[in-house]
Structures are given as C-alpha cells and as structure tokens.
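Below, each chain spelled out in residue letters.
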Amino acid sequence: CKDLKKMDTFGKSDPFVEVLFVPGKHVEMKTKVIRNNLNPVFDNEVFKTQVSLVEAKKLTVVFRVFDWDHYKKSDKIGEAQVPLMKMNLSTTTDDWKVLHEFTGTKDKPSLKVGLQ
C-alpha cells in the first residue's frame, strides 16, 4: 500500500489487508499487521486458493485494507476489487489499484495487488 490515511491519534496507521473472493462462501485471509506505517509492504504474504477456470470467471477478489486497533474494532481504510475475468490468470500480475473510499476517508490511498 502507499499513501494510506493516518488513522491513529498518536501514530500513523497499523494496516493489514483482508483478502476474499466473492460471490459465494469464502474464507477470509488476512495479512499480518504492519505497525505505524502509511506505506506498508506485504511482500512475504502469500495466499493460495483453488478454483476451476469456469468458477474463476465469476469471481472477484476483494482486498480490504484496515487500520488495526487494540482496544476497538479496526477502522476501514479502503478496498480494491479485481474481477478475475478481466485478468490473465496464466501469468503473474503486479498492479496498483486505487482504494475505494469509505466514510471519513478524504485521501485516495492505493494498494499494489498481485496474483500468481
């Protein structure tokens, strides 16, 4: 991610990303939290799932970026949605996506997404 909004009062943000495939039943996958960082890099995070090519054409991968909070619910920073039917699934993809704004987010943070 880059240029995330400062969500914490006395620090920057403590971002993590949830990854899920929609529609249908899904398992939410989460990255580790990177503390006090507005430009976190999640290079060592790998998530794998198996779906058929027919099923993949109907799915969208959703990357939800949150600011982790110890004492309350994590704050939403933004999300990026990538329809798998618009991607070449036979090659590695590494691309920046602008996060959709949530209530209270005035900036346009972005997230670099990659599929292998």
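Analysis parameters
- Residues numbered from 1 in each chain as written.
- Predicted model: local features only at pLDDT ≥ 70, side-chain atom pairs only at ≥ 80, totals over all residues.
- Heavy atoms only, no water.
- Helix = DSSP H or I, 4+ residues; strand = E, 2+ residues; numbered from the N terminus.
- Buried < 20%, exposed > 50% of the residue type's maximum accessible area, 1.4 Å probe, protein only.
- Contact = heavy atoms within 4.5 Å.
- Pairing = 2+ DSSP bridges.
- Core = buried A, V, L, I, M, F, W, Y, C linked by side-chain atoms within 4.5 Å.
- pLDDT = per-residue confidence, 0-100.
- Salt bridge = Lys/Arg side-chain N within 4 Å of Asp/Glu carboxyl O.

Colleague: Got a minute to help me understand the side chain of Thr60 in this structure?
Modeller: For Thr60, the position within the fold is in strand β3 (residues 60-67). Residue Thr60 is classed as buried on the basis of its relative accessible area, which comes to 17%. When sequence neighbours within four positions are dropped, the list of residues in contact with Thr60 reads Leu20, Phe21, Val22, Gln81, Val82, Pro83 and Leu84.

Colleague: Where do I start with the sheet that holds strand β1 (residues 15-22) in this structure?
Modeller: The strands making up a sheet associate through hydrogen bonds between their backbones, and the pairing can be parallel or antiparallel. Strands sit in the order β2-β1-β3-β4 across an open sheet of four strands; the sheet is antiparallel. Here the strands that pair on one side only, and so sit at the sheet edges, are β2 (29-30) and β4 (75-83). For β1 and β3, the ladder comprises eight bridges, and the chain directions are antiparallel. Counterpart to Glu18 in the pairing with β3 is Arg64.

Colleague: I keep staring at the nonpolar core and nothing clicks. Help me out?
Modeller: Buried together is how nonpolar side chains tend to be arranged in soluble globular proteins. Ranked by internal contacts, the top residues of the largest apolar core, which has 19 residues, are Val17, Val61, Val65 and Leu84. Mapped by element, the contributors of at least two residues to this core are β1, β3 and β4.

Colleague: Sorry, what's going on with the confidence of the model for the protein here?
Modeller: Fine structural detail should not be taken from predicted coordinates in areas where pLDDT scores are low. The share of residues in the protein with pLDDT of 70 or more is 86%, and the mean pLDDT across the chain is 83. Residue range residues 103-107 is modelled with pLDDT below 50. Its contacts to residues more than four positions away, or to other chains, number eight contacts.

Colleague: Would you explain the pattern of salt bridges in this entry?
Modeller: Charged atoms that come close allow side chains of opposite charge to pair. Applying the stated criterion across every chain, the model contains three salt bridges. As a salt-bridge pair, Glu79 and Arg64 come within 3.5 Å of each other at their nearest N and O atoms. With Glu79 in strand β4 and Arg64 in strand β3, this pair connects stretches of sequence that are 15 residues apart. Residue Glu79 is classed as buried on the basis of its relative accessible area, which comes to 14%. Where Lys97 meets Asp95, a salt bridge forms, and the shortest distance between an N and an O atom there is 3.3 Å. Classification of Asp95 as partly exposed rests on a relative accessible area of 35%.

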